[in-house]
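Architecture at a glance
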Amino acid sequence: MHVLPVFMRHLFLTLFFVMSVFTSQAQAQSQQEGSSPQPDRSALLPDIDPQDIEIRGDFRARFAGIARQPILGFSPNPRVFRIDPNRMPFMETPEEVVASVPLSELEPQLGPPRVFMEYPSESNIFGYIGLGNYVSPEAAIAFRTGSGSATRVSGMLNWQSSEGVARQLDGNDFALPGNDFAPEYNTSFRFFNGNIDLFSQRTPTSGITASLRGRSDFTNLTTSLYSPSTAFNPRNTERKTSLDEAGISVGWINQRSVFDRFSADISYDGTFMDSEASGTAWVEGGASPINSEFDFTEHRAKLSLARSWAGSRIGDVFSTELNLDGALYNRKWDETVFESSMGSDIDEQWGIGEASFVWRRELTSGNRISAGLRFFTAYDDVQDAVVMAYPYLGWQLRNAGPLSITAEISGEISNPGLSEMATGNRTTWFADQLLNERMVYGNIRAQYSLFQDFEIYGGFLASYTLRPHMYTSIGWANPEYLLLIRPSAGITYHLSPKLLSIYADVRFNITEIEEFRASDGATYTEFTGMERYRVTAGLRSTPFQNAVFRVWADYLGPRYHTNARFDRGQIFASQADGFGDTLLMHVQAEYRISGLVGFYVKAVNLLNNEYRLWENYDERPLQIYGGVTFNF
């Protein structure tokens with residue numbers, strides 16, 4: 001019965017004692033805060049028993065030397081106020097104490113450290129393999145490895161080909177005299193290329209790069225032209241042109257900070273092109289078998305050095321580059337008509353050297369201006385050696401809300417080389433000589449986001465090129481100059497990144513070219529390799545999980561081409577408008593059975609149009625493909 005009252009008394013006494021302690025501490029703290037807003041240095045003194053010293057007012061212990069003097073029995077050996085027995089922290093100012101602390105401990109955590117070298121986070125292989133009518137296989141495979149290591153290996157493989165499609169020479173093509181009908185012919189092609197890239201990190205900020213690449217293409221076509229080598233020599237020939245290429249690159253990258261970077265790269269590319277033709281030629285006196293062969297070999301090497309660093313003033317970045325590019329090539333031609341042989345075997349070369357220096361000023365986040373000079377020296381076997389200097393001006397606006405603008409003005413001397421020229425027109429024709437192009441250009445591009453998922457953009461390019469490489473209806477030519485003006489505009493709309501994406505783009509090619517006379521006597525003011533305008537549009541949708549649907553279309557504007565007509569022993573050549581003017585529509589559907597494997601169906605040239613992009617070569621009509629997709 002007396003247990004509860006006893007427990008209550010003990011509980012009351014305990015609470016009273018705790019409240020008294022907290023109240024006394026609060027009063028002492030308030031008095032200390034009210035007397036002085038600055039921390040009292042006497043707080044650095046050790047706890048001293050009041051009985052050991054006489055406290056009179058604000059007592060501060062002072063020591064004459066390093067050895068402490070005992071005060072009323074006070075021991076100079078403290079109990080817990082220091083860590084290092086050889087250090088006397090109470091004799092240091094607060095600034096000295098802070099200065100002894102490592103700086104990294106006082107800085108806030110700004111996130112993970114910068115990584116200047118990229119490492120793969122996964123190892124996989126993905127792509128597709130399919131087959132279409134006209135025996136048209138296609139494949140695209142990409143892979144990457146190196147997960148969890150400092151070495152990465154990646155690569156890709158592309159294959160596209162088609163067997164022959166029977167065609168009949170139309171009225172614009174030439175048929176042999178005496179034939180009541182134009183003969184049928186076949187066209188076919190194969191495009192095959194791939195590469196393997198290696199990156200291996202050797203130190204935390206540097207690594208080695210290497211690359212192997214190759215190509216093996218061919219195109220079969222029928223030509224119905226007359227030979228410029230012999231006057232009034234019309235012909236019908238079956239021609240096969242093949243292109244083989246192998247290349248290797250080795251480089252070194254050292255990037256110690258965002259702007260402190262050095263890179264060196266050296267590469268070699270060997271290109272081998274062979275064109276064989278056989279058919280019938282007609283000259284005054286009758287018809288005769290014709291056989292011709294053209295061999296083109298190019299050995300090209302390039303050295304590139306680049307260095308960038310930050311200036312003494314915050315926001316300044318400097319960069320310099322040195323590029324040496326050149327090639328040795330041989331062109332051999334043999335032809336036999338009426339048991340008469342003709343040909344040539346010529347060795348030629350070209351070389352280009354570039355040295356540039358650019359200053360860049362980082363204004364604000366995403367905004368910058370650039371200025372510099374680019375020096376070039378160049379030589380080829382047709383033009384005299386030249387030394388040129390071009391300014392470089394650049395501007396980037398990225399911190400203006402929904403508006404972004406990039407602009408650039410500069411000039412350069414370049415040479416596309418045999419590989420780029422041959423693949424640029426599906427290897428249907430090849431260049432006789434490789435000349436250096438001198439170009440002055442300026443371009444600007446603006447993009448405006450109306451809202452988060454809708455963007456509109458526009459661009460303007462103007463360039464002036466001396467001795468450009470241009471594809472005409474009879475092959476390649478090098479007029480004195482080409483002025484190109486290319487305005488463009490487009491829109492993109494993403495209803496949802498996965499549900500629906502729509503895009504549209506239109507560009508115009510306005511050209512002016514000096515009239516030049518080819519060896520056959522015809523005068524050209526336009527060239528075949530560029531349409532006057534192109535309109536591209538498409539959409540991509542994911543109607544449900546694991547399904548993707550695409551529709552896209554291209555409208556290619558007209559081009560100029562040459563009609564060759566034989567009449568009473570004479571050839572009449574004229575330019576016709578409308579070559580390449582066509583609408584192409586395509587559709588593709590893909591479904592993934594799982595996250596690894598799926599299948600797709602694709603229809604190309606859905607409207608089944610007959611058209612040509614290159615002279616004498618008919619593109620495929622409607623083709624339907626089917627195949628599998630994979631992602632491991």
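Criteria and thresholds
Residues numbered from 1 in each chain as written. Predicted model: local features only at pLDDT ≥ 70, side-chain atom pairs only at ≥ 80, totals over all residues. Heavy atoms only, no water. Phe/Tyr/Trp six-rings, centres within 6.5 Å; stacked < 30°, edge-to-face > 60°. Helix = DSSP H or I, 4+ residues; strand = E, 2+ residues; numbered from the N terminus. Lys NZ or Arg CZ within 6 Å of the ring centre and 35° of its normal. Buried < 20%, exposed > 50% of the residue type's maximum accessible area, 1.4 Å probe, protein only. Core = buried A, V, L, I, M, F, W, Y, C linked by side-chain atoms within 4.5 Å. Contact = heavy atoms within 4.5 Å. Salt bridge = Lys/Arg side-chain N within 4 Å of Asp/Glu carboxyl O. pLDDT = per-residue confidence, 0-100. Polar contact = N/O pair within 3.5 Å; in protein donor to acceptor, adjacent residues only side chain to side chain. Pairing = 2+ DSSP bridges.

Here the structure, examined in full by the defined rule, presents 14 aromatic pairs. With a centroid separation of 5.6 Å and an interplanar angle of 20°, the aromatic rings of Tyr464 and Tyr481 are classed as stacked. In this pair, Tyr464 sits in strand E17 (residues 454–466) while Tyr481 sits in strand E20 (residues 481–496), placing the two residues 17 residues apart along the sequence. Members of the aromatic cluster, connected to one another through ring pairs, are Phe294, Phe296 and Tyr329. A cation over a ring is seen here: Lys240 above Phe218, with NZ or CZ 4.8 Å from the ring centre. One Lys or Arg, Arg550, reaches over the ring of Trp552 and ends 4.3 Å from the middle of that ring.

Glancing now at helix H3 (residues 417–424). By the burial criterion, the buried members of H3 are Gly417, Leu418, Ser419, Met421 and Ala422. Once H3 finishes, Arg426 follows within two positions and takes phi at roughly 60°, a positive value.

A few words now on the nonpolar core. Core analysis: the biggest nonpolar cluster contains 19 residues, and Met273, Phe296, Trp350, Ile352, Ile413 and Leu434 have the highest contact counts within it. Elements represented by at least two residues in this core include exactly strand E10 (286–310), strand E11 (316–337), strand E12 (340–364), strand E13 (367–380), strand E14 (386–400) and H3. With 3 residues, H3 is the largest single contributor of residues to this core. Setting aside residues no more than four positions away along its own chain, Leu434 makes contact with Phe296, Glu298, Tyr329, Trp350, Asp380, Asn415, Gly417, Leu418, Met421 and His469. By size, the runner-up hydrophobic cluster in this structure holds 7 residues, among which are Tyr471, Leu556, Leu584 and Tyr611.

As a further point, take the pattern of salt bridges. Under the counting rule described, the total for this entry stands at 18 salt bridges. For the salt bridge of Arg307 with Asp260, the shortest nitrogen-to-oxygen distance reads 2.9 Å. With Arg307 in strand E10 and Asp260 in the loop between strand E8 (235–255) and strand E9 (261–283), this residue pair connects regions lying 47 residues apart in the sequence. For Arg307, a relative accessible area of 29% gives the class partly exposed. For the salt bridge of Arg374 with Glu412, the shortest nitrogen-to-oxygen distance reads 4.0 Å. Here Arg374, found in strand E13, pairs with Glu412, found in strand E15 (residues 403–414); they are 38 residues apart in sequence, far enough to count as distant. Its relative accessible area of 13% is what places Arg374 among the buried residues. You can call Glu412 partly exposed: its relative accessible area is 25%. Taken together, the shared-partner salt bridges connect Arg215, Asp217 and Glu245 into one network.

Take the confidence of the model for the protein next. The predicted model of the protein averages 76 in pLDDT, with 66% of residues at 70 or higher. The low-confidence segment residues 51–59, where pLDDT is below 50, has 8 contacts with residues more than four positions distant or belonging to other chains. Across residues 170–182, where pLDDT falls below 50, the model places 23 contacts with residues more than four positions away in sequence or in other chains.

Moving on to the side chain of Ser200. With respect to the element layout, Ser200 can be found in strand E6 (residues 188–203). Owing to a relative accessible area of 10%, Ser200 belongs among the buried residues under this scheme. Of the polar contacts made by the side chain of Ser200, one reaches the side chain of Thr151; its length is 3.4 Å.

Attention now moves to the pairing of strand E2 (residues 136–145). Regular strands place side chains that alternate from one sheet face to the opposite one. Bridging between strand E1 (residues 124–132) and E2 involves 9 bridges; their strand directions are antiparallel. From the neighbouring strand, Ile125 faces E2, where its bridge partner is Phe143. As paired elements, E2 and strand E3 (residues 151–162) share 8 bridges and run antiparallel to each other. What sits directly across from Ala139, in E3, is Trp159.

Within the secondary structure layout, Ala277 lies in strand E9. Its relative accessible area of 9% is what places Ala277 among the buried residues. Sequence separation between Ala277 and Thr237 is 40 residues, and the spatial gap between their C-alpha atoms is 6.1 Å. Residues in contact with Ala277, not counting those within four places in the same chain, are Thr237, Glu238, Arg239, Ile290, Asn291 and Ser292.

Before going further, it helps to examine the side chain of Thr427. The topology assignment puts Thr427 in the loop between H3 and strand E16 (437–451). Here Thr427 falls in the buried class, since its relative accessible area comes to 0%. A polar side-chain atom of Thr427 sits 2.7 Å from a polar atom in the side chain of Thr219.

The next point concerns the pairing of E3. Looking at chain direction, E3 and E6 are connected through 12 bridges and run antiparallel. In the strand pairing of E6, Met156 is matched with Asn195.

Okay, unusual backbone geometry next. One non-glycine residue, Tyr134, lies in positive phi territory at about 60°. Positionally, Tyr134 belongs in the loop between E1 and E2. You can call Tyr134 partly exposed: its relative accessible area is 32%. In this model, Asn608 sits at a positive phi of 55°, which is unusual for a non-glycine residue. Summarising the element assignment, Asn608 is placed in the loop between strand E30 (597–604) and strand E31 (623–631). Accessibility expressed as a relative area gives 45% for Asn608, which makes it partly exposed.

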